[in-house]
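Read off the chains here:
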Amino acid sequence: MSDLVLVLNCGSSSIKFALFDASVQPLPRQPLWNGKVEGITGPAPTFGETGMVPGPVVLDSAQPYHAALEHIRARVLARVARLGSRRIAAVAHRVVHGGAKYFDPVRVDAAVLADLKTYIPLAPLHQPFALEAIETLLAAAPSLPQVACFDTAFHHTLPDVEKMLPLPYDAWQRGLRRYGFHGLSYEFMSVALAERHGDAARGRTIVAHLGSGASLCAMQGLRSVATTMGFSALDGLMMGTRCGALDPGAVLYLMEIEKLTLEQVGHVLYHESGLLGLSGVSSDPRVLLQQEAGNERVQAALTLYVRRIVREIGAMTAVLGGLDMLAFTAGIGEHNAAIRARICRDLAFLGVTLDADANALNAPVISPAASRVQVAVEPTNEEWIAAWRTLALVGLPSH
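Residues numbered from 1 in each chain as written. Predicted model: local features only at pLDDT ≥ 70, side-chain atom pairs only at ≥ 80, totals over all residues. Heavy atoms only, no water.

K.L.:
Where do I start with the sheet that holds strand β3 (residues 33-38) in this structure?
P.N.:
Backbone-to-backbone hydrogen bonds join strands into a sheet, with any given pair of strands oriented parallel or antiparallel. On the basis of which strands lie adjacent, the open sheet formed by 8 strands has the order β5-β4-β3-β2-β1-β6-β8-β7 and mixed pairing. Each end of this open sheet is capped by a strand with a single partner; those strands are β5 (52-56) and β7 (106-107). Strand direction decides the pairing type here: strand β4 (residues 46-49) and β5, joined by 3 bridges, are antiparallel. When the bridges of β5 are listed, Phe 47 appears paired with Gly 55. Across the face of the sheet, helix α3 (residues 127-140) comes into contact with β1 (3-10), β6 (87-95) and β8 (146-150) while running at roughly 160° to β6. (Pairing = 2+ DSSP bridges. Helix = DSSP H or I, 4+ residues; strand = E, 2+ residues; numbered from the N terminus. Contact = heavy atoms within 4.5 Å. Axes fitted to C-alpha atoms, helices over the stretch in contact; angles between N-to-C directions.)

Pasting the structure below:
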């Protein structure tokens, strides 16, 4: 009854961590302690943790990512030591890509790690960092279970027609298909929405995960049946710095006519597009809303951002054959009432109506009782779902 589970969420420029107390049943939704290192590859990285204002952290410039991981490891071990007779029973890792093989969390050994490295070409900006953390910890503590929890796994229930790309069939056979992402968030939502709303969430539900990255997931019976983010993290919705779905002819034009290299095109699509690219101001809707008046570029960026979300919700509704619930989550979805209001305004034709006071408060239900579609706001919790699934895998009670 003294076990802890550590969750690591490793991105290209940040590492988030959370420590959960498995001695309490059911597993608490809030971690005992959490924090993150941000700006790892930039000139001014920071470290923050529970009860501490983020501040500068010095990282080895030659291996900043490894240094950030070691900094977190040292802080975690110091924290566990202060807790007395406690031990870390397992480490859960958010791994973006499980390919067409891994649909459930898996304990990682050398063979599984080698297998997961073959998926790096499918997610080159995300996969390597989680795998580096796993490899480092396997070497440092080989007996400590390392568990990979996959962002693609929740979408394994997608029908083949949703997975297929309209390319020559041998592309499908080689693994070029729509996998879907943000799966840990959507899996948590499948649990939390059912808990809060019961049968209302088990019908035709669309979850809008709106953060710096963004996607939609259409659920039927709390299972994924369609999603906007497909083969890569560039697909679907317009995002903070990413373009979302784009005519491939535009990419060919950038390379053939404007002579951008493959690397330059990748940088444009991932880091210089979306809200930042169009507005020229910021990737953050909060900043853009403050500067919208009199700035046509900012107005255009916000208008297109909302339009793309509304268009895709309409498409998802068609796939579902109607809509019973629309749920907002992630940073923008949970906290930006103005963006939610604009999306719901443009979905009035579906029977979506909004309670302005509830929306302003980020309430769990922001639609009036008479709304044909129930509109919800539900905070996501990717770290908890990873801890919960990991404890079940390694044989510890989780609920």
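Still to come is the rest of the account.
K.L.:
For this particular structure, what's the right way to read the pairing of strand β11 (residues 223-227)?
P.N.:
Every regular strand shows the same layout, with side chains that alternate between the two sheet faces. Both strand β10 (residues 214-220) and β11 contribute to a ladder of 4 bridges, which runs antiparallel. Bridge assignment links Cys 217 to a residue of β11, and that residue is Thr 227. Adjacent in sequence and paired antiparallel, β10 and β11 are bridged by 2 residues, among which Gly 221 carries a positive phi angle near 65°.

K.L.:
What is the right way to look at the packing of helix α11 (residues 296-320) against helix α13 (residues 337-346) in this model?
P.N.:
When two helices pack together, their arrangement is captured by the angle between the axes and the distance separating the axes. For the pair α11 and α13, interaxial distance at closest approach is 9 Å and the crossing angle is 50°. Classified by the interaxial angle, the pair formed by α11 and α13 is oblique. Seen from above, α11 lies across α13 with right-handed handedness. Judged by residue contacts, Leu 302, Tyr 305, Val 306, Ile 309, Val 310 and Ile 313 of α11 engage Ile 339, Arg 342, Ile 343 and Asp 346 from α13. (Parallel < 35°, antiparallel > 145°, perpendicular 65-115°, else oblique. Left-handed = near helix turned anticlockwise from the far one by under 90°.)

K.L.:
Even after reading the chapter, I still don't get the sheet that holds β11, so can you show me in this structure?
P.N.:
With respect to topology, 5 strands assemble into an open sheet ordered β11-β10-β9-β12-β13, the strand pairing being mixed. The open sheet is flanked by β11 and β13 (374-377), the only strands paired with a single partner. Across the sheet, the mean angle separating the axes of adjacent strands is 25° when strand polarity is ignored. Sheet analysis places strand β12 (residues 325-329) next to β13, joined by 4 bridges and oriented parallel. For Met 325, the partnering residue across the bridge sits in β13 and is Gln 374.

K.L.:
Would you take a moment to explain the side chain of Ser 23 for this structure?
P.N.:
Within the fold, Ser 23 resides in the loop between β2 (15-21) and β3. Reaching out from Ser 23, the side chain makes a polar contact with the side chain of Asp 21 at a distance of 2.5 Å. There is a polar contact of 3.5 Å between the side chain of Ser 23 and the side chain of Arg 86. (Polar contact = N/O pair within 3.5 Å; in protein donor to acceptor, adjacent residues only side chain to side chain.)

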